[in-house]
Amino acid sequence: MKIITVCGSLRFKDEMMQIAEQIELEGNVALIPIIPARKKKEEYTAEEIGMLGKMHKERIKLSDGIFVVNVDNYVGSATQSEIDFARALNKEITYLVKC
């Protein structure tokens, strides 16, 4: 059993949830980012956005690896930061590339 953190743009939250389900059906633990309850990013303060990002990196620290959801060749700056962070921690990195 592995602990795997799902990473990717929240615009692909449906795909991320499908991957998380697949990870768990394979007998692993999936850690996923918080899906924002507020409708607009502007409804969050800079501090709140920073805290959510920090907590996601804590998930990466706890995990054996990350699973990057890449739809239409889109990896945003936040996701790239998570990939770089995981790489620096020598975590396994797996990609779903969906065009």
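For the structure itself, consult the block above.
Nothing here was measured: the structure is a model prediction, and the numbers come from that model.

A. Spatial organisation of the overall build of the protein. When its secondary structure is counted, the protein shows 3 helices and 4 strands. Going from N to C terminus, the protein has its helices and strands arranged as β-α-β-α-β-α-β. Compactness check: the protein gives a C-alpha radius of gyration of 13 Å against a globular reference of 13 Å for 99 residues, within 12% of the reference. Across its three principal axes, the protein shows a C-alpha extent of roughly 35 × 30 × 25 Å. Among the 99 residues that make up the protein, the fraction classed as buried is 33%. Expressed as a percentage of contacts within the protein between residues at least 6 apart in sequence, the contacts between residues at least 24 apart total 73%. Taken as a whole, the protein presents about 6,400 Å² of accessible surface, with 54% of it coming from carbon and sulfur.

B. Structural view of the packing of helix 2 (residues 46-62) against helix 3 (residues 77-88). Taken N-terminus to C-terminus, the directions of helix 2 and helix 3 make an angle of 35 degrees; their axes are 10 Å apart at the nearest point. By crossing handedness, the relation of helix 2 to helix 3 is classed as right-handed. Only Ser81, Glu82, Phe85 and Ala86 of helix 3 make contact with helix 2, whose side of the interface consists of His56, Lys57, Ile60 and Lys61. Grouping the amino acids of the contact of helix 2 with helix 3 by side-chain chemistry returns 3 nonpolar, 2 polar and 3 charged.

C. Representation of the nonpolar core in the model. Counting residues in each nonpolar core, the largest one holds 11 residues, listed as Ile4, Val6, Phe12, Met16, Ile19, Ala20, Ile23, Ala30, Phe67, Val69 and Val71. Only strand 1 (3-8), helix 1 (13-25) and strand 3 (65-71) provide two or more residues apiece to this core. If near-sequence neighbours (up to four positions away) are discounted, Val69 is found in contact with Val6, Cys7, Gly8, Phe12, Glu15, Met16, Ile19 and Leu96. Counting residues in hydrophobic clusters, the runner-up holds 6 residues, among them Cys7, Ile66, Ile83 and Ala86.

D. Inspection of the sheet that holds strand 3 at higher detail. Spatial strand order, 2-1-3-4: 4 strands in an open sheet with parallel pairing. Each of the sheet's edge strands pairs with one partner strand only, and the pair in question is strand 2 (29-31) and strand 4 (92-98). Averaged over all pairs of adjacent strands, the angle between strand axes in this sheet comes to 25 degrees, irrespective of strand direction. Where helix 2 meets the sheet, it contacts strand 1, strand 2 and strand 3, and its direction lies at approximately 145 degrees from that of strand 1.

What counts, and where the lines are drawn
- Residues numbered from 1 in each chain as written.
- Predicted model: local features only at pLDDT ≥ 70, side-chain atom pairs only at ≥ 80, totals over all residues.
- Heavy atoms only, no water.
- Helix = DSSP H or I, 4+ residues; strand = E, 2+ residues; numbered from the N terminus.
- Rg over C-alpha atoms; globule rule 2.2 N^0.38 Å.
- Buried < 20%, exposed > 50% of the residue type's maximum accessible area, 1.4 Å probe, protein only.
- Contact = heavy atoms within 4.5 Å.
- Areas by Shrake-Rupley, 256 points an atom, 1.4 Å probe, with all protein chains shown as cover.
- Axes fitted to C-alpha atoms, helices over the stretch in contact; angles between N-to-C directions.
- Left-handed = near helix turned anticlockwise from the far one by under 90°.
- Nonpolar A, V, L, I, M, F, W, Y, C, P; charged D, E, K, R; others polar.
- Core = buried A, V, L, I, M, F, W, Y, C linked by side-chain atoms within 4.5 Å.
- Pairing = 2+ DSSP bridges.

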